[in-house]
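# Structural overview
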Amino acid sequence: MIEVVASMARGPVFLAGELLECLITFTNPMSHLSTSASSEMLAWASAQIHCQFHASENRVALPSQGNKQDVQADSDTVLIPSRDSYSEVVPVDGPPSFRGQAVKYVYKLTIGCQRVNSPIKLLRVPFRVLVLQGMPEPPFPQDEEVSPSNPFLEEEEASRHDARALERALDMLMVTTSRRCPHMFNITNTRGKVAKFCIFKTVYRLGEDIVGTFNFSEGDIPCLQYSVSLQSEEEIQQQYQRRPGQAISLTGHGRHLESCLHTASSHFSLPVPLNVTPGFSTDIVTLRWRLHFEFVTAREPMEPPTVLQNQSEVTIWAGAEHVDVDTFSWNLPIRVLPTNPALASYVSQFTGTNSINI
């Protein structure tokens, strides 16, 4: 028996274009009673990155090849069993890991191996891929010139180059999401102004908090209650929609609800979960992000309770039992980008390690 163990030391989350490295060990766990005749021979081993695509038959109309496809890396396997390691660049033009209502993209490292005179067995190690889309320049340039280097230090130089590329991508991500520029919006309905809303930026990384403030003192219409929801929109491209005018799939990822009658100002804070998928677009699906606001306003003016000066007795103010209200909603598009893969690894459902006996 040969035990095969695969371990991604850096963690199970990677940026597209980053170098994936996996330590693969082959051992023969013989007991103290075993003899040399008990040794095993490994015939061959191979490793490859796969991205598996799934589509809902009720929502997506695909060509005749079906609703389940495997997308492999362009190069052949680069597993060298004698070195106990596998390394490959995660395709920069591939989709991110995504589990939507209509479409799913699932990444895995597949290791095929065979013991002499035994059947072939497969070891699969799932991992997560984050994609940086919509950046001013590619985070991992594919045509970057490499200066001459010592041939005996090629592996070390490749490791340094990958570290520099990852650092450059993370720096670009940090700069893009750190720009703060207040955006002011007047919230109105058909009866007049309700409030002024301020948000300091509209581009966020996974794990960041979305903070916004309301100023109701400038409004003419009393606001009884508001809610803010973080939502993702999954839209199938028109040519792949099962039905014309197919509705967009909405998914909620957090909600803030607050009563605000007679309140001069208020604020909310919604975290962007680390385990969600940043916005992206492929030939089949587009994922966008938005803040969805809902307001409940009174149709008639509502006077605040009055407190007399030097009042010695305690008074209790009771709200009206019946109020005629209007409701309306508003959507504010935002952008959600990836974060440092090491940070996302802390909440990943994957361990980056798996084993099999052959």
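Here the structure is a predicted model, which is why all the values come from computation and not from measurement. (Residues numbered from 1 in each chain as written. Predicted model: local features only at pLDDT ≥ 70, side-chain atom pairs only at ≥ 80, totals over all residues. Heavy atoms only, no water.)

## So, the overall build of the chain
For the chain, the count of helices and strands is two helices and 20 strands. By residue count, 41% of the 358 residues in the chain fall in the buried class. Long-range contacts, defined here as pairs at least 24 residues apart, represent 75% of the contacts in the chain between residues at least 6 apart. With the model as given, the accessible surface of the chain reaches about 20200 Å², and the carbon-plus-sulfur share is 50%. (Helix = DSSP H or I, 4+ residues; strand = E, 2+ residues; numbered from the N terminus. Buried < 20%, exposed > 50% of the residue type's maximum accessible area, 1.4 Å probe, protein only. Contact = heavy atoms within 4.5 Å. Areas by Shrake-Rupley, 256 points an atom, 1.4 Å probe, with all protein chains shown as cover.)

## Quick word on the pattern of salt bridges
Applying the stated rule across the entire model yields nine salt bridges. Among the ionic pairs, lysine 193 bridges to glutamate 218, the shortest N-O distance being 3.3 Å. With a gap of 25 residues between them, lysine 193 in strand β11 (residues 192-199) and glutamate 218 in the loop between β13 (209-215) and β14 (223-236) connect regions that are remote in the sequence. Take lysine 193: its relative accessible area is 19%, and that puts it in the buried class. A salt bridge links lysine 201 to glutamate 208, with the nearest nitrogen and oxygen atoms 2.7 Å apart. One network of salt bridges, with partners in common, ties together Glu233, Glu235, Arg288 and Arg290. (Salt bridge = Lys/Arg side-chain N within 4 Å of Asp/Glu carboxyl O.)

## Quick word on unusual backbone geometry
A positive phi is found at asparagine 117, a non-glycine position, where the angle reads about 60 degrees. Relative to the helices and strands, asparagine 117 is located in the loop between β8 (103-115) and β9 (120-130). The exposed category is assigned to asparagine 117, whose relative accessible area is 80%.

## Digging into the confidence of the model for the chain
When pLDDT is averaged across the chain, the result is 85; 82% of the residues are at 70 or more. Segment residues 143-152: pLDDT under 50, and three contacts once partners within four positions in sequence are set aside and those in other chains are kept. (pLDDT = per-residue confidence, 0-100.)

## Some remarks on the packing of aromatic side chains
This model, assessed by the stated rule, comprises 21 aromatic pairs. Seen in terms of ring centroids, phenylalanine 197 and phenylalanine 268 are 6.0 Å apart; in terms of plane orientation they differ by 10 degrees. Their pairing is stacked. On the criterion of sequence distance, the pair formed by phenylalanine 197 in strand β11 and phenylalanine 268 in strand β16 (residues 265-271) is long-range, its members being 71 residues apart. Phenylalanine 268 matches phenylalanine 197 in its accessibility class, with the two residues each being buried. Among the aromatic residues, those joined into a ring-pair cluster are Phe185, Phe197, Phe214, Phe216, Tyr226, Phe268, Phe293, Phe295, Phe328 and Trp330. Lying across the ring of phenylalanine 200, arginine 180 places its NZ or CZ 4.8 Å from the centre. (Phe/Tyr/Trp six-rings, centres within 6.5 Å; stacked < 30°, edge-to-face > 60°. Lys NZ or Arg CZ within 6 Å of the ring centre and 35° of its normal.)

## Quick look at the state of the cysteines
Tallied over the entire structure, the rule returns zero disulfides. Cysteine 181 carries a free sulfur, and the closest cysteine sulfur to it, the one in cysteine 198, is 9.6 Å from it. (Disulfide = S-S within 2.5 Å.)

## Brief notes about the pairing of strand β3 (residues 19-27)
Along a regular strand, successive side chains alternate from one face of the sheet to the other. Examined bridge by bridge, strand β1 (residues 3-7) and β3 share five bridges and lie antiparallel to one another. Opposite serine 7, over in β3, you have leucine 23 as the bridge partner. Relative to strand β6 (residues 85-89), β3 runs antiparallel, the two sharing five bridges. Residue pairing across strands places cysteine 22 opposite tyrosine 86, the latter belonging to β6. (Pairing = 2+ DSSP bridges.)

## Some remarks on the sheet that holds β13
Hydrogen bonds between backbone groups are what pair the strands of a sheet, and the pairing can be parallel or antiparallel. With respect to topology, four strands assemble into an open sheet ordered β10-β11-β13-β16, the strand pairing being antiparallel. With partners counted over all chains shown, the strands left at the sheet margins are β10 (183-189) and β16, one partner each. Pairwise comparison of adjacent strand axes, ignoring direction, gives a mean angle of 25 degrees for this sheet. Where β10 lies against β11, seven bridges are found, and the strand directions are antiparallel. Bridged to asparagine 186 within β11 is lysine 196. (Axes fitted to C-alpha atoms, helices over the stretch in contact; angles between N-to-C directions.)

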